[in-house]
Amino acid sequence: MRRGLDLERCKTHEMVGWGRLPRAECHEYRPESRAGVRELLLGKAQPSMIPRGLGRSYGDAALNPNGGVLTLSRLDRLIAFDAESGLLECEGGVSLGTLLEVFVPRGWFPPVTPGTRHVTVGGAIANDVHGKNHHCDGSFGAHVRSFMLLTPDGTERRCSREENAELFAATLGGIGLTGIVLSARIKMMPITTARVLRHRVRTASLDETLEEVTRAERRHQYAVAWLDCLTRGAGTGRGVVIKGDHAIPGDLPKGIDEPLAWRPRAEKPVPLDMPGGLLNRWSVAAFNEAYYRAHPSQSDAVVPLENFFYPLDGVANWNRLYGRRGFAQYQATIPLEEADGLRALIEHLTSAKRASFLAVLKTFGAAGDGMLSYPSPGFTLALDLPNAAGLTDFLHGLDRIVLEHGGRLYLAKDSCMEVETFRASYPRWEEFREVKERVDPHNRLQSAMSRRLGLT
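Computed from a predicted model, the values in this text were never measured in an experiment.

Turning our attention to the pairing of strand β3 (residues 49-52). Here β3 shows no split at all, with Met49 and Pro51 on one side and Ile50 and Arg52 on the other all buried. Two elements, β3 and strand β4 (residues 68-71), share four bridges in a ladder whose sense is parallel. In the strand pairing of β4, Met49 is matched with Gly68.

Now the structure itself:
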């Protein structure tokens, strides 16, 4: 590589997270090698930088207004794989989609996956992502054995639970503020088919939903619930609980000759931004009623992995459904013993007549290893809220309910949390900032989020 080549490849343009809210003018670089990453990190082309993967964090965690953004998806080599232990070494820009394509036919699956396969390994570490199996398998970081981190002084440091352990814990969930994940070693999960045994149960109320989800986590590896957050009265919190386990060959119907074939369906694009207001409380209420009624009281099926884990990936650019104004995804965790907080959140939503097209409930197990890891024991509720007048004030009202019940918000999906809320709900924030100040005393790595939350 000619020296300076990556420094010259800069595109200045408006950038957004997946929620398309907020928007920021940034200087984006796409380095093609580790040397290029180091050159950009140490160079003076921009006063600050923030790493970015495939842009699936929802808010401003990977935005850096008037600063640099390092998009790292070109650092996507698979380095080594041990077929006996399932230990994979790969660069940080490798996507989960690539891992699925390469390893599902070989009988391996990512140990933890969020609701989209369009996430890089580095991004999964930086946000310590979780999935439908957190109650039994923890978050992504629990399966990371080590990673190579390029810190802002240009040093490559191997980090693990034994080596540079404090930096390891700061980087898991550390939203890209401690360094660049150049490569990682991850323990993959063995599977024998590319399908899931799926069970669905329709529930009539929030109490019934919580009871069914709690029962599901004791019996199944994966569990999640869709909630209707517009129905009021006795039907508040009604939903569909979806449970699953990896199928074995004996579970498959006749006629499947390749039990490990990975053939994700083609993504159908949303070709343009939909009109503002298309997703409103009337249209969402109609969808919710139809979706709820479409499910029998109970049903069982053997379904492809992609249908179970990535239903929204079937629609490319589905965020365009919310129009150019975008939307906020709001995800909060409430401790198990504070389940009334969930009811308060839903009632606040319905009383304000705010429509959430997607409302997803899961349970979390043990807290993550990272200083800023989001998961902690409890129920976690994720909402998609169209950007409309008064949205920020409304979200701050939800924040107050979360804090009153001892909960916290997910940084990967946040766009407007206040610094006081952050500090009250992330007890290790000072410990994180101390590590950050040691490895990055000049705040070379920062973002719109880090400034908003007082971390830089």
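Look at helix α7 (residues 206-219) against helix α10 (residues 340-351): their axes get within 11 Å of each other, and the N-to-C directions meet at 135°. On the basis of their axis angle, the class for α7 and α10 is oblique. Along this stretch, α7 crosses α10, giving a crossing that reads as right-handed. Across the interface between the two elements, Leu206, Asp207 and Leu210 from α7 touch Leu342, Arg343 and Ile346 from α10. Among the residues forming the contact of α7 with α10, the class breakdown is four nonpolar, no polar and two charged.

Here we come to the sheet that holds strand β16 (residues 298-304). The strand order β16-β12-β14-β13-β19-β20-β18-β21 describes an open sheet built from eight strands, whose pairing is antiparallel. Strands with a single pairing partner mark the edges of an open sheet, and in this sheet they are β16 and β21 (408-409). Here strand β13 (residues 222-227) runs beside strand β19 (residues 359-364); their pairing, made up of two bridges, is antiparallel. Bridging from a neighbouring strand, Trp226 pairs with Val360 of β19. The strands that α10 touches are β13, β18 (327-334), β19 and β20 (378-386); relative to β20, the one it contacts most, it runs at about 10°.

Our next topic: the sheet that holds strand β1 (residues 10-16). Adjacent strands of a sheet pair through backbone hydrogen bonds, lying either parallel or antiparallel. Reading across from one edge, β1-β2-β4-β3 is the order of the four strands in this open sheet, with mixed pairing throughout. The open sheet has two free edges, formed respectively by β1 and β3, since each of these has just one partner strand. Strand-to-strand twist in this sheet, taken as the mean axis angle between neighbours without regard to direction, amounts to 40°. Direction of pairing for strand β2 (residues 23-29) relative to β4: parallel, over a ladder of three bridges. Counterpart to Tyr29 in the pairing with β4 is Leu70.

Moving on: the pattern of salt bridges. Taken as a whole and judged by the stated rule, the model has 28 salt bridges. Between Glu14 and Arg324 there is a salt bridge whose closest N-O contact spans 3.2 Å. Taken together, the positions of Glu14 in strand β1 and Arg324 in the loop between β17 (315-316) and β18 put the pair 310 residues apart, joining distant regions of the chain. Overall, the relative accessible area of 38% leaves Glu14 in the partly exposed class. For the salt bridge of Arg117 with Asp313, the shortest nitrogen-to-oxygen distance reads 3.5 Å. Of this pair, Arg117 sits in the loop between β7 (108-109) and α4 (121-126) while Asp313 sits in the loop between α9 (305-309) and β17, and the two are 196 residues apart along the sequence. Each of the two residues, Arg117 as well as Asp313, counts as buried. Each of Glu211, Glu212, Arg215 and Lys243 takes part in one network of salt bridges that share partners.

With respect to the secondary-structure elements, Ser447 resides in the loop between α13 (429-439) and α14 (448-452). Once the C-alpha coordinates of Ser447 and Glu28 are considered, the two residues, 419 residues apart in sequence, prove to be 13 Å apart. The residues contacting Ser447, other than those within four sequence positions of it, are Ile50, Asp60, Ala61, Leu63, Asn64 and Leu177.

Before going further, it helps to spend a moment on the nonpolar core. If you look at the biggest cluster of nonpolar residues, it comprises 82 residues, and the most contacted ones within it are Ile125, Phe140, Phe147, Leu395, Leu411 and Phe422. Element by element, the count of residues in this core is highest for helix α11 (residues 391-404), at six residues. Beyond its immediate sequence surroundings of up to four residues, Phe422 is in contact with Leu372, Leu411, Met417, Trp429, Leu453 and Leu455. Counting residues in hydrophobic clusters, the runner-up holds 21 residues, among them Ile191, Ala194, Ile242 and Val303.

In this section: the side chain of Glu306. With respect to the helices and strands, Glu306 occurs in helix α9. No salt bridge is formed by the buried Glu306, whose closest oppositely charged neighbour, Arg265, lies at an N-O distance of 5.5 Å. Sequence-distant contacts of Glu306, that is, excluding residues within four places in its chain, are made with Trp262, Arg263, Pro264, Arg265 and Pro311.

Attention now goes to the environment of Ser283. Within the secondary structure layout, Ser283 lies in helix α8 (residues 281-294). Owing to a relative accessible area of 30%, Ser283 belongs among the partly exposed residues under this scheme. Residues Ser283 and Asp128, 155 residues apart in the sequence, show an inter-C-alpha distance of 34 Å.

Below, the discussion takes up the packing of aromatic side chains. Tallied over the entire structure, the rule returns 18 aromatic pairs. Here Phe147 and Phe168 contribute two aromatic rings whose centre-to-centre distance is 5.1 Å and whose plane-to-plane angle is 15°, an arrangement assigned as stacked. One end of the pair, Phe147, is in strand β8 (residues 144-150); the other, Phe168, is in helix α6 (residues 165-171), with 21 residues separating them in the sequence. Here Phe147 and Phe168 have matching classes, each one buried. Look at Phe308 and Phe309: their rings are 5.0 Å apart centre to centre, the planes differ by 80°, and that puts the pair in the edge-to-face class. Assigned by exposure class, Phe308 and Phe309 land together as buried. Here a set of aromatic residues connected by ring pairs shows up, and it is made of Trp18, Tyr58, Trp318, Tyr322 and Phe327. One Lys or Arg, Lys132, reaches over the ring of Phe308 and ends 5.8 Å from the middle of that ring. Positioned over the ring face of Phe394 is Arg354, at 5.1 Å from the centre of the ring.

The rules we used
Residues numbered from 1 in each chain as written. Predicted model: local features only at pLDDT ≥ 70, side-chain atom pairs only at ≥ 80, totals over all residues. Heavy atoms only, no water. Buried < 20%, exposed > 50% of the residue type's maximum accessible area, 1.4 Å probe, protein only. Helix = DSSP H or I, 4+ residues; strand = E, 2+ residues; numbered from the N terminus. Pairing = 2+ DSSP bridges. Axes fitted to C-alpha atoms, helices over the stretch in contact; angles between N-to-C directions. Parallel < 35°, antiparallel > 145°, perpendicular 65-115°, else oblique. Left-handed = near helix turned anticlockwise from the far one by under 90°. Contact = heavy atoms within 4.5 Å. Nonpolar A, V, L, I, M, F, W, Y, C, P; charged D, E, K, R; others polar. Salt bridge = Lys/Arg side-chain N within 4 Å of Asp/Glu carboxyl O. Core = buried A, V, L, I, M, F, W, Y, C linked by side-chain atoms within 4.5 Å. Lys, Arg positive; Asp, Glu negative; His and termini not counted. Phe/Tyr/Trp six-rings, centres within 6.5 Å; stacked < 30°, edge-to-face > 60°. Lys NZ or Arg CZ within 6 Å of the ring centre and 35° of its normal.

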